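Survey of secondary and tertiary structure
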There are 2 protein chains.
Amino acid sequence: MFSKACEYGIKAAIFIAVNSSENNRVSPKEISEEIDSPQAFTAKILQALVRNHVIKSVRGAHGGFEIAKDKIATTKLSEIVYAIDGDGIYKGCGLGLHTCNENHPCPVHDKFKVVREELREMLENTSLEQLALDIKAGVSFLKI
Amino acid sequence: MFSKACEYGIKAAIFIAVNSSENNRVSPKEISEEIDSPQAFTAKILQALVRNHVIKSVRGAHGGFEIAKDKIATTKLSEIVYAIDGDGIYKGCGLGLHTCNENHPCPVHDKFKVVREELREMLENTSLEQLALDIKAGVSFLKI
DNA sequence: TATAAATAGGATAAATTTATCCTAAATAAA
DNA sequence: TTTATTTAGGATAAATTTATCCTATTTATA
Ligand code: FES
Ligand code: FES
């Protein structure tokens, strides 16, 4: 469904949100250990999230990754997915036609569109805050 | 969402269904032209569909690929997706945890599960016959 | 039986995604 | 200002997916 990069990006963002809510910056090393992902690859994904203004990085001693507290509640999963995987999952044809077009639909267009919209709404309505709270409460998990 | 192989496999199966309903066997060459896919790669995917008993192949002169007429109505998209991409899309964790487990859920489990079930139901309730009829009627398309 | 037509399948290559390594640049603090 | 720490980013490699090529096998028919 999502690329590995996107899976890592989502989990990393949640972990950063958990920590930023406690005024704690985190490093790629900590992140990759907590979400069980390859460190250098994860660092690349974090760069992409920084470039797309999803998270913030602070270089140098005492640096690390963080999310502004007021952004935790407003940042939606869709922004992370969009920053890493692009909008193909929202807009692309399920059978790979060049464009998904009502006037030139693929065989599954009507049915696929419904599922795709459901996914889009889910991603657009789910905030980092919601997900981070569950991690804090110990009712959801980032690895294994 | 689906792999290229799976996209080609679905489109190929629909095209074969359209032709088998008119007692017409088709070759990888015809198929790949009609669905705009690489011929040799498409041939491999057709082999997989034959091995999984989704379609039937007839070797030798006057051979080609076909689907038994009575299978066109009973064959669901889910069988094709399963034969090519496996069950990851139905059962796998959206964030890549080793297993999707109610008792050890990832942060998006509850929300993701809903979308995944919707997709599964769509695939399990959509038959090749429905899709082939739209192609025949010229209201849906296999390429461009 | 010989030939032509057609799928099966092995070997290989290209492209993309995933992953690693090393150095540069920035920053805080001694 | 020097040093230690930390992210940025280029280069490269490994793994996977996608794609191609060639030969083997099967089958209908002349
Ligand atoms: S045309 Fe294929 S999903 Fe819309
Ligand atoms: S545990 Fe991630 S989707 Fe169920």
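Residues numbered from 1 in each chain as written. Chains lettered and ligands numbered in written order. Predicted model: local features only at pLDDT ≥ 70, side-chain atom pairs only at ≥ 80, totals over all residues. Heavy atoms only, no water.

1. Regarding the packing of helix H7 (residues 109-124) of chain A against helix H7 (residues 109-125) of chain B
Between H7(A) and H7(B), whose axes approach to 10 Å, the crossing angle comes to 180°. The angle between the axes of H7(A) and H7(B) places the two elements in the roughly antiparallel class. Residues Lys111(A), Phe112(A), Val114(A), Val115(A), Glu118(A), Leu119(A) and Met122(A) of H7(A) form the contact with H7(B), whose participating residues are Lys111(B), Phe112(B), Val114(B), Val115(B), Glu118(B), Leu119(B), Met122(B) and Asn125(B). (Axes fitted to C-alpha atoms, helices over the stretch in contact; angles between N-to-C directions. Helix = DSSP H or I, 4+ residues; strand = E, 2+ residues; numbered from the N terminus. Parallel < 35°, antiparallel > 145°, perpendicular 65-115°, else oblique. Contact = heavy atoms within 4.5 Å.)

2. Some remarks on the relation of the copies chain A and chain B
Mapping chain A onto chain B leaves a residual RMSD of 0.0 Å; the transformation is a rotation of 180° accompanied by 0.0 Å of translation along its axis. The superposition operator between the copies reduces to a two-fold rotation axis. Among all residues of chain A, the minimum C-alpha distance to the rotation axis is found for Met1(A), at 2.4 Å. A shared interface surface links the copies, since 100% of the contact residues of chain A are contact residues in chain B too. (Least-squares fit on C-alpha atoms with pLDDT ≥ 70 in both.)

3. Some words on the packing of aromatic side chains
Residues and elements named next belong to chain A. On inspection of all chains with the given rule, the structure shows 4 aromatic pairs over all chains. Seen in terms of ring centroids, Tyr-8 and Phe-41 are 5.8 Å apart; in terms of plane orientation they differ by 85°. Their pairing is edge-to-face. One end of the pair, Tyr-8, is in helix H1 (residues 4-20); the other, Phe-41, is in helix H3 (residues 39-51), with 33 residues separating them in the sequence. Classification of Tyr-8 by relative accessible area gives buried; the value is 12%. (Phe/Tyr/Trp six-rings, centres within 6.5 Å; stacked < 30°, edge-to-face > 60°. Buried < 20%, exposed > 50% of the residue type's maximum accessible area, 1.4 Å probe, protein only.)

4. Looking at the protein's contact with DNA strand C
In the vicinity of DNA strand C lie 27 residues, with Pro38(A), Arg59(A), Lys44(B), Ser57(B) and Arg59(B) positioned nearest. Counting only atoms of DNA strand C within 4 Å of the protein, the fraction found in sugar and phosphate groups is 69%. The separation between a phosphate oxygen of DNA strand C and a polar main-chain atom of Lys4(A) is 3.0 Å. Within the side chain of Gln47(B), one N or O atom sits 3.0 Å away from a base nitrogen of DNA strand C. Within the residue set of the surface near DNA strand C, elements represented by two or more residues are H1 and H3 of chain A together with helix H3 (39-51), strand E1 (56-58) and strand E2 (64-66) of chain B. Of the residues assigned to the surface near DNA strand C, the class counts are 11 nonpolar, 10 polar and 6 charged. (Near = heavy atom within 4 Å. Polar contact = N/O pair within 3.5 Å; in protein donor to acceptor, adjacent residues only side chain to side chain. Nonpolar A, V, L, I, M, F, W, Y, C, P; charged D, E, K, R; others polar.)

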